[in-house]
Amino acid sequence: MPDVVIFSDPHVGLRRTANTTPASSARLREAINEQLADIIGRPAEFRICGGDWFDTFSNEEGVIASTYPLIKEMDLVLAGNHDLVNIKGKMGSLGLLKEMLGNTDAIPINDVGESNGFLHTYGNHLFFSVPHCSTQELFDKAVDATAKGSDVYNKEGHKKYLLLHCNYNSNFSDGRQTDLNLTRAKAAELVDHFDYIILGHEHNPYEDFQGKLIVLGNIHPTSFSDITDKRIMTIGDDGVKFVPVWKKSKGYQEINWQDLEESYPHQFIKITGTAKAENLRDIMKAAKTIEKNSPNLFALKMDVEIEGLAKMQESCAEDKSQTIVDKVEQSLESTPELLELWKEFAK
């Protein structure tokens, strides 16, 4: 049995509209909850979540109630950017759970303007964490102070881990609420203070610095943008290990529109290929059939290139008053059934 289990970004209460139906979106939300329950139910002595326990700051009562028994089993849950809002003193769903559990230290939260780091220990494992901060400046300050303070714990046999919730080496972060960033240069400094740096926030997993920096990734795909193999991290007598919890090869399928069948066992389906405009009606009807007959389906995406679309895009670029969606809808006005299907899949 591993001593420690670490995962990140469950996004409880997730609601997606793009490429989904109300029924498939509900299935995705329930699958994420089941995945979280399965991970927390695995044998372990110490359980850590690296942030974004919830998908949104404020959730319905039923969502909060459903996750209460799960978070009770956690030993450390960092507040992520989805768990907080930049209004000082404003309590969200994670803060409410913290109070319901007796204002526990297991849920460290930085309020607006705060830049605190925290320490949790399990045996010889020392977990230093910096929950989401309201600005990049405060985040940098907290990370620097936590690294400096960790040096007093340099004892033989101790393992030190730094837990953060942020982007890594991003060219697009600008210090806004959702865009905290750890640069690679700063990470190079931090690896001298910690045995491992473990990051939540980014949904697609990878490593750097010969495995000393770990981007955990989320526990389940939330859309087509984060379909990768998913994993959790364990720490035990045999060191750090990764355990797969979702496989892209089983849950995701790309199919050319000319090879479509009526149903599939996959959770995410992308329809691809090149077609003529007159094929569009049949493609969309086939997609509706797949949606109806695929009980495991969470999302279906149309990624079919229509011949002549480049000219339509060029026309739209010249005519600033119309988008490409406007152009397509205009061309389909004479066929109401096809127009309705287009609007549904183009949303």
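Residues numbered from 1 in each chain as written. Predicted model: local features only at pLDDT ≥ 70, side-chain atom pairs only at ≥ 80, totals over all residues. Heavy atoms only, no water.

Quick notes on the environment of His132
So, step 1. Mapped onto the fold, His132 is located in the loop between β5 (125-130) and α4 (136-150).
So, step 2. Accessibility expressed as a relative area gives 3% for His132, which makes it buried. (Helix = DSSP H or I, 4+ residues; strand = E, 2+ residues; numbered from the N terminus. Buried < 20%, exposed > 50% of the residue type's maximum accessible area, 1.4 Å probe, protein only.)

Brief notes about the pattern of salt bridges
So, step 1. Inspection of the entire model under this criterion finds 10 salt bridges.
So, step 2. With its nearest N and O atoms 3.6 Å apart, the salt bridge here joins Glu60 to Arg15. Taken together, the positions of Glu60 in the loop between β2 (46-49) and α2 (61-71) and Arg15 in the loop between β1 (4-7) and α1 (22-40) put the pair 45 residues apart, joining distant regions of the chain.
So, step 3. Measuring nitrogen to oxygen at the nearest pair gives 3.0 Å for the salt bridge that ties Asp38 to Arg42.
So, step 4. Residue classification places Asp38 among the partly exposed residues on the basis of a relative accessible area of 38%.
So, step 5. Here the salt bridges share partners, and the residues they tie into one network are Asp144, Lys186 and Glu189. (Salt bridge = Lys/Arg side-chain N within 4 Å of Asp/Glu carboxyl O.)

With respect to the packing of aromatic side chains
So, step 1. This structure, assessed with the given rule, holds 11 aromatic pairs.
So, step 2. Seen from their ring centres, Phe128 and Phe194 are 5.7 Å apart, and the 65° between their planes marks the pair as edge-to-face. Separated by 66 residues along the polypeptide, Phe128 in strand β5 and Phe194 in the loop between α5 (184-190) and β8 (196-201) bring together distant segments of the chain. No difference in accessibility class separates Phe128 from Phe194, as the two residues are buried.
So, step 3. Summarising the aromatic geometry, the rings of Trp246 and Phe268 are spaced 6.3 Å apart at their centres and angled 85° between planes, so their arrangement reads as edge-to-face. With Trp246 in strand β12 (residues 239-246) and Phe268 in strand β14 (residues 268-272), this pair connects stretches of sequence that are 22 residues apart. The two residues Trp246 and Phe268 agree in class, both being buried.
So, step 4. Positioned over the ring face of Phe194 is Lys160, at 5.7 Å from the centre of the ring.
So, step 5. Directly above the ring of Phe209 sits Arg184, whose terminal nitrogen or CZ lies 4.3 Å from the centroid. (Phe/Tyr/Trp six-rings, centres within 6.5 Å; stacked < 30°, edge-to-face > 60°. Lys NZ or Arg CZ within 6 Å of the ring centre and 35° of its normal.)

Some details on empty space enclosed by the protein
So, step 1. This model, assessed by the stated rule, comprises 2 cavities of 30 Å³ or more.
So, step 2. The calculated volume of the second largest cavity comes to roughly 40 Å³.
So, step 3. Taken together, Ile6, Ser8, Gly50, Leu78, Leu163, Leu164, Ile198, Leu199, Gly200 and Leu216 form the lining of the second largest cavity.
So, step 4. Of all the elements in the fold, those that place two or more residues in the lining of the second largest cavity are β6 (159-168) and β8.
So, step 5. Tallying contributions element by element places β8 first for the lining of the second largest cavity, with 3 residues. (1 Å grid on protein atoms, 1.4 Å probe; cavity = no way out; pocket = protein on both sides within 12 Å on 5 of 7 lines; lining within 4 Å. Points joined across faces, edges and corners; volume = space filled by probe spheres on them.)

Here's the deal with the environment of Ile219
So, step 1. Within the fold, Ile219 resides in the loop between β10 (213-215) and β11 (230-236).
So, step 2. On the basis of relative accessible area, Ile219 is assigned to the buried category, the value being 0%.
So, step 3. The sequence separation of Ile219 and Leu36 amounts to 183 residues, and the corresponding C-alpha distance is 7.6 Å.
So, step 4. Once you skip the residues sitting within four places of it in the chain, Ile219 turns out to touch Phe7, Ser8, Asp9, Pro10, Ile32, Gln35, Leu36, Ile39, Lys230, Val245 and Trp246. (Contact = heavy atoms within 4.5 Å.)

So, the pairing of β5
So, step 1. Counting buried positions over the 6 residues of β5 gives 6, a clear majority of the element.
So, step 2. Alternating positions in β5 separate into two faces, His125, Phe127 and Ser129 on one and Leu126, Phe128 and Val130 on the other, with burial throughout.
So, step 3. Note: strand β4 (residues 118-122) against β5, 5 bridges, orientation antiparallel. Bridged to Tyr122 within β5 is His125.
So, step 4. Counted along the chain from β4 to the antiparallel partner β5, the turn is 2 residues long, and its residue Gly123 has a positive phi close to 60°.
So, step 5. Here β5 pairs with β6 via 6 bridges, running parallel. Opposite Leu126, over in β6, you have Lys160 as the bridge partner. (Pairing = 2+ DSSP bridges.)

Some words on α4
So, step 1. With 15 residues, α4 extends 21 Å between its outermost C-alpha atoms, agreeing within 8% with the 21 Å of an ideal straight helix rising 1.5 Å per residue.
So, step 2. Burial in α4 covers these residues: Gln136, Leu138, Phe139, Ala142, Val143, Thr146, Ala147 and Ser150. Across the axial projection of α4, the buried residues extend over an arc of 165°, all falling on one side. With respect to the buried face of α4, the exposed residues turned more than 90 degrees away are Glu137, Lys141 and Lys148.
So, step 3. Contacts from the buried residues of α4 go to β5, β6, β7 (181-182) and α5. (Expected span 1.5 Å × (residues − 1). Arc of directions from axis to C-beta.)

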